[in-house]
Amino acid sequence: MVRMAGKGGSSNGGGGGRESKKPALLLGRYEVGKLLGQGNFAKVYHARSVRTGEEVAIKVMEKEKILKSGLMAHIKREIAVLRRVRHPHIVQLYEVMATKLRIYFVMEYVRGGELFARVARGRLREDDARRYFQQLVSSVAFCHARGVYHRDIKPENLLLDDAGELKVTDFGLSAVAEQMRHDGLFHTFCGTPAYVAPEVLSRRGYDAAKADLWSCGVVLFVLAAGYLPFRDRNLVAMYRKIHRGEFRCPRWFSPGLTRLLRRVLDTSPPRRATAAEIMGDEWFKVGFRRFSFRVEDDRSFTRFDLDDDASTSPPEPDTPRADAAAAGREKPRRVAAGLTSCASAPSLLQLEARGGSSSSSSSSSSSRRRSSLNAFDIISFSRGFDLSGLFEGGGAPEQPPHPAAARFVSAAPAERVLAALEAAASAAGMAVRGRDDSSVSIEGTREGEHGALAVAAEIYELTPELLVVEVRRTSGGAADYEEFFRARLRPSLRDLVCDEDEPTLLQSDERSRSL
Amino acid sequence: MGCLQTKHASRSPHLLDTREAVALAAETSFTVSEVEALHDLFRKISNSVIRDNLIHKEEFQLALFRGKKQQNLFVDRVFDLFDQKRNGVIEFGEFVRSLGVFHPDAPEDQKVAFAFKLYDLKQTGFIERHELKEMVLALLDESDLDIASDAVEMIVDRADTKGDGKIDQEEWTEYAKDNPYVLRNMTLPYLKDITMVFPSFVMHSEISETDMAV
């Protein structure tokens, strides 16, 4: 799609003349504003949520065109895929709507325009180019780890938000974008094929992950050089250069940058650097802050640095709300686990310092009184009340596991439970990040596939003799958690109460164990 | 656009009636598209055992417990509340209206009221002490947990803040306000994603542009 950056004119609706004028209010939910851009398949409008005032971009596609080009099934699949990739550097799809004639994608609105508008004013300093490249590669790696490939990384798809952070758009929508390419529009600064990997151009079967990384390499070159690595006025000649991997780094590139580019713009896909290799590169790593984040609700992220050793455990959002996920540093693999969407509801046992003051976000005050459970707390443990099961069975098979909590009942004193949790943590090579007399949070020191594992445990009083221990994963990969849970946590708790009673799983929640 | 319909030349009874979708959207926090996406889910659940586009209790249990049939007091309660007409099955309209309460954007007082009805087992207008106890025992049973009966009494007592043996709507509303987590089962974040989880509707939606612009 051609985005008319800068012009922003909405004067001409363009295209279909017979098309009735667009509704001013979409579903009573969005006030549709000016046209931001349009392509063969889609028009993008600025819009505002009537309820929240939030700005969004709405991509409107004509069903007829999509049907004619046989892309409907593809679009359906991509919607499901996009739902799985929520990342601070990826433009998010919020919801989908449809009428008889059209499909509407409601997406995050990114205000800062295209990254390449910046380059058009001149090449970037190497540090700036690196920063954008880091953000690009980390989001691409994140998607690859979830089996999602972009397939069309190019200037128009790299946007900047208010804060100057990169936002990659049109992830997973490549089929539509690819088709758009046939509209014959090659853009002034950089024609689309310039970013495409040689193996893709030659229409061989290709490894989508490696192809994406090639495109990232071209982007990096352009950012730092101010021009394309493979350029020729003659398209055939350009193709030839791409196939041969013929490019020359300008003399102002540092040796480290040149070295990295040679590894990324390698015409042989097997030889080409993987995302993990790129992220391990010396030039790449300069100033790179690995981060992990959790999805707070469907619109916001809490980010925390993984490289920050100053024991800044994430401001301990005492609400272990959603599943967390880490920045992708993983090798491209098809895994369905990880980041997700769900469960932004408050944690069941989020007994926010009940009995004490009800500061809504109970800070990790260490003198918190241990909460005791009443009938309502206990009843709400029932799986019968948890309707989320309805959506999992019928829903997307690849849906990530629900970040449910596991609860144990123990007859041991709280101190011993805490000690056992800490022992389990240290046996697993994890560090205790915070502790008071009714809770402990532990964090992995080793980076797993999905970032460092973090686990929080809270203790509540069921009866004067019995405690309920709730354990949940607050970040990191599901598989890592499973391993920790099965191999370390359970045995140590079992030992704890073996002479009293078998440790009972209060709500044997298979969802937390199924992976 | 005749060509759009080639695949659905004759409308199958499985398809959602457009007017119904529009009406349900008007009644709930859902958009028309979300109602259509929910219809996809509804079709799956309601035809899992008996292919009649109605959710029977058995189908409800299967869906909730992922393939395992399980008796559960709480599932029974939820089912009964979904089954507004009390005819033993959940129809699509009932399904949407009830789930509407669980929408993250649904008004809080709807959630409070729904939860109250859930706990008011005998529908006397009060959550009575014996009902609380019955539910606690059911949960302990569900969890294979055996605790002393005086401990059970204590757990029940903790919930009855006034100590008069029953909890009325007002008391419950106050309690829910002070302890918002008791409503956490009443919000399903999934519902916000429903159009992306069940995107099939984008192909066969028959909603007109004017219905979209309500």
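Residues numbered from 1 in each chain as written. Chains lettered and ligands numbered in written order. Predicted model: local features only at pLDDT ≥ 70, side-chain atom pairs only at ≥ 80, totals over all residues. Heavy atoms only, no water.

1. What to know about the pattern of salt bridges
All names here are of chain A. Put simply, the rule is: Any Lys or Arg side-chain nitrogen located within 4 Å of an Asp or Glu carboxyl oxygen qualifies as a salt bridge. In DSSP terms, a helix is any run of H or I states spanning at least four residues, a strand is any run of E spanning at least two, and both are numbered starting from the N terminus.
Under the counting rule described, the total for this entry stands at 37 salt bridges over all chains. Between Arg 111 and Glu 55 there is a salt bridge whose closest N-O contact spans 2.3 Å. Residue Arg 111 is located in the loop between strand 7 (102-108) and helix 3 (115-120), and its partner Glu 55 is located in strand 5 (residues 55-62); the two are separated by 56 residues in the primary sequence. What emerges from the salt-bridge pattern is a single network uniting Arg 125, Asp 127, Asp 128 and Arg 130.

2. Thoughts on the packing of aromatic side chains
Operational definition: Two aromatic rings, drawn from Phe, Tyr or Trp (for Trp, its six-membered ring), form a pair once their centres lie within 6.5 Å of each other, and the interplanar angle then sorts them: stacked below 30 degrees, edge-to-face above 60, tilted otherwise. Summary of the burial criterion: residues with accessible area below 20% of their type's maximum are buried, those above 50% are exposed, and those between are partly exposed, where the area comes from a 1.4 Å probe applied to protein chains only.
Applying the stated criterion to the full structure yields 23 aromatic pairs over all chains. Ring geometry for A:Trp214 and A:Phe230: centres 5.5 Å apart, planes at 10°, overall stacked. Within this pair, whereas A:Trp214 is found in helix 7 (residues 208-225), its partner A:Phe230 is found in the loop between helix 7 and helix 8 (235-244), the two being separated by 16 residues in sequence. Residue A:Phe230 is classed as buried on the basis of its relative accessible area, which comes to 0%. A centroid spacing of 5.7 Å and a plane angle of 65° characterise the contact between A:Phe385 and B:Tyr119, whose relative ring orientation is edge-to-face.

3. Concerning the UniProt feature "binding site: ATP" (unreviewed entry) in chain A
How we decide: UniProt positions are given in the numbering used here, feature names are shortened, and annotations may be inferred rather than shown by experiment.
In the numbering used here, UniProt assigns the feature "binding site: ATP" (unreviewed entry) to A:Lys59. Along the chain, the position of A:Lys59 falls in strand 5.

4. Some thoughts on helix 9 (residues 169-178) of chain B
All names here are of chain B. Applied cut-off: What the arc describes is the spread of directions from the helix axis to the C-beta atoms.
Turning to helix 9, its buried residues are Glu 171, Trp 172, Tyr 175 and Ala 176. Buried residues of helix 9 fall within an arc of 130° about the axis and therefore sit on the same side. Set apart from the buried face of helix 9 by more than 90 degrees, the exposed residues are Glu 170, Lys 177 and Asp 178.

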